[in-house]
Amino acid sequence: MGKCALLWVNLLALLRRRGVCLLLAALSAGGVFAVLSLSGLEARQVAALAEMETSTVISCVVTDGKGMNMENLNMISAMVDMLTGRRLESGCTLGEYVKDVRARATVPLTSPEDFTLRRILTLDSDPALEAVNGASVTFYPGWDESVLDTEALVCLVPADSLALWPEGKVTMTAEITGVAAELEIIGTVSGGPGNVFYCPFYAKWQAEITEAFPVDACSFAIGDNARLDECKAEIYRYFSQPSLSQPDPYLPFGVLVQDEVYLSTRQEILENLRLLRLLLPLLMGLMGCVGFFGAYLSAKGRRREFAVMRCLGMKRRQVFVLAFAQQAMLTIPGGLIGLGLAMALEGGVPALGRAALVCGVILLGAALAALGVTRVNVIKLMKAEE
């Protein structure tokens, strides 16, 4: 029997069982669509996890050992040096594990009178400079916030007091050391404290001397969220975990790692991924069963036809191909319909490999069913019910 004849026989068989054939094609389409939808959901969850790891800021706040005080720490500036990586040569550094370090230190002045100097690493190191509090910082041309992380002798002055220093420089004398330094004015602060100057955190007042000074407040962010546990372990080598009962006397300053929301969200995404990765193979197995039972019931209904074909000289292999081809004629168009629906609803090209795999699983089940039916003895086939 030629290929055209086989195709015609299968078409006639499909027309005689239109309802069952449409159901099998719809199941194939639904199976492909369901698998591709789950695959798309899995891909979005993986992308969300990656995006969360790279974009989420996990803030860490330095406190006292009990976790109660975070504004008047009186912590030595060497601890900030360690966070910023400036103590790398001494082997005492957290620069690899943290980022976005913010620190603030207050320097009482004897002159100008009634003014205070604050050392800051970034503008957001001092809440008084935040826009939400009505403050506005204006840098002169050629200057920007990056200067705050240098040793430059420059400063920001209150806009209302700018007229007091027409030459653009302010001579300041630190109360504790009695050392005077001349700082160049590089910008103004409006809406902030009216008696506070701001200078770079590491402003070098004495060229030949490395200064250490008390720090009021410090915070930073985890350097790599994907290595959160490793980063926390390193942080707690130098800082304690705040405790009301037994603060570590050897680590008098603690760090509150604000990672609760991050961890709960991450755990939720991982649970979703585990569920999806469990459902996908189950769905694949279900589609294999659909292919098997669909082909089995279809081939079983044509047993008498197969018996006649065998008696007319058709080989068992040809009968198998005939039975299998009928299922393929339903599965492939159904799969293409499911693929089209997934492309339309997912808004792109879905996982084509998984679509082919679903169709392959269905056809594998169909092949097993067709093989089982066509291997029955011809005499038994002749006795099959009409």
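Presented here is a report on the structure given in the accompanying data block. Because the structure is a prediction, the values reported are computed rather than measured.

Looking only at helices and strands, one finds nine helices and 12 strands in the chain. Across the 386 residues in the chain, those meeting the buried criterion constitute 43%. For the chain, long-range pairs separated by at least 24 residues make up 76% of all intrachain contacts whose partners lie at least 6 apart in sequence. Carbon and sulfur atoms make up 60% of the accessible area of the chain, which amounts to about 20300 Å² in all.

If you trace the backbone, Ser-240 turns up in the loop between helix H4 (228–238) and strand E12 (253–257). According to the relative accessible area criterion, Ser-240 is buried, its value standing at 5%. At a separation of 3.2 Å, a polar atom in the side chain of Ser-240 contacts the main-chain carbonyl oxygen of Leu-251. The residues touching Ser-240, leaving out its near neighbours within four places in the chain, are Gly-65, Asp-248, Leu-251, Phe-253, Gly-254 and Val-255.

We now examine the nonpolar core. One finds Val-62, Met-75, Val-80, Leu-94, Phe-201, Phe-220 and Phe-239 to be the most contacted residues of the largest nonpolar core, which totals 36 residues. Only helix H2 (18–55), strand E1 (59–64), helix H3 (77–84), strand E3 (98–111), strand E11 (217–222), H4, E12 and helix H5 (260–300) provide two or more residues apiece to this core. Cys-155, Val-170, Met-172 and Ala-203 belong to the second-largest nonpolar core, a separate cluster that totals 18 residues.

All right, on to the environment of Gly-288 then. When you line up the elements, Gly-288 lands in helix H5. Its relative accessible area of 13% is what places Gly-288 among the buried residues. A sequence separation of 71 residues divides Gly-288 from Cys-359, and the C-alpha atoms of the two residues are 8.8 Å apart. Those residues in contact with Gly-288, other than ones at most four positions away along the chain, are Val-361 and Gly-365.

A word on the pattern of salt bridges. A side chain with one charge can pair with a side chain of the opposite charge if their charged atoms come near. According to the stated counting rule, one finds 11 salt bridges in the structure shown. With a shortest N-O distance of 2.9 Å, Arg-277 and Glu-42 are connected by a salt bridge. With Arg-277 in helix H5 and Glu-42 in helix H2, this residue pair connects regions lying 235 residues apart in the sequence. Owing to a relative accessible area of 46%, Arg-277 belongs among the partly exposed residues under this scheme. Of the residues examined, Glu-42 reaches a relative accessible area of 9% and is grouped as buried.

Calculation criteria
- Residues numbered from 1 in each chain as written.
- Predicted model: local features only at pLDDT ≥ 70, side-chain atom pairs only at ≥ 80, totals over all residues.
- Heavy atoms only, no water.
- Helix = DSSP H or I, 4+ residues; strand = E, 2+ residues; numbered from the N terminus.
- Buried < 20%, exposed > 50% of the residue type's maximum accessible area, 1.4 Å probe, protein only.
- Contact = heavy atoms within 4.5 Å.
- Areas by Shrake-Rupley, 256 points an atom, 1.4 Å probe, with all protein chains shown as cover.
- Polar contact = N/O pair within 3.5 Å; in protein donor to acceptor, adjacent residues only side chain to side chain.
- Core = buried A, V, L, I, M, F, W, Y, C linked by side-chain atoms within 4.5 Å.
- Salt bridge = Lys/Arg side-chain N within 4 Å of Asp/Glu carboxyl O.

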